[in-house]
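# Report on the structure
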Amino acid sequence: FMLFVGVVGCAVFLNSLDGELIFDDVHAVVRNRDVVGSESLWNAFSNDYWGEPIASNSSHKSYRPLTILSFRLNHAAHGLKP
């Protein structure tokens, strides 16, 4: 039963593997210096989700360093191809 659930779960999302970066992906991934590696790895811990310094007045204060680090790892492995 668990194998069936796993296969169905993978099959449902299989068509998304060749998708594009859309909507807020441009700001969260493509233009985010913390993701593309043009900033120090440690900046992910002092910047918000969008790559702005968390102390800045323009920051959304959305602090997600583990998400950003996973995006950075994905970018290192695959570039801008999700």
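Residues numbered from 1 in each chain as written. Predicted model: local features only at pLDDT ≥ 70, side-chain atom pairs only at ≥ 80, totals over all residues. Heavy atoms only, no water.

## Concerning the confidence of the model for the protein chain
Where we set the bar: Here pLDDT means the predictor's own confidence in every residue, given as a number from 0 to 100. Secondary structure elements follow DSSP: runs of H or I of four or more residues count as helices, runs of E of two or more count as strands, with numbering from the N terminus.
Across the protein chain, the average pLDDT comes to 92, with 99% of residues at 70 or higher. The secondary-structure element of the protein chain with the lowest mean pLDDT is helix H2 (residues 25–30), recorded at 91, while helix H3 (residues 33–36) shows the highest, at 95.

## Observations regarding the packing of aromatic side chains
The geometry of an aromatic ring pair is captured by two quantities: the separation of the ring centres and the angle between the planes. In plain terms, the rule: When two rings of Phe, Tyr or Trp (its six-membered ring) have centres within 6.5 Å they constitute a pair, described as stacked for plane angles under 30 degrees, edge-to-face for angles over 60, and tilted for the intermediate range.
For the structure shown, the criterion picks out three aromatic pairs. A connected cluster of aromatic rings, assembled from ring pairs, spans Tyr49, Trp50 and Phe71.

## Quick word on the environment of Ile68
Heads up, the rule is: The buried label applies to any residue whose accessible area, calculated with a 1.4 Å probe on protein chains only, is under 20% of its type's maximum; exposed applies above 50%, and partly exposed to all values in between. What makes two residues a contact is simply this: any of their non-hydrogen atoms within 4.5 Å.
As for its position among the elements, Ile68 is in helix H4 (residues 65–78). Accessibility expressed as a relative area gives 2% for Ile68, which makes it buried. When sequence neighbours within four positions are dropped, the list of residues in contact with Ile68 reads Asn32, Asp34, Val35, Ala44 and Tyr49.

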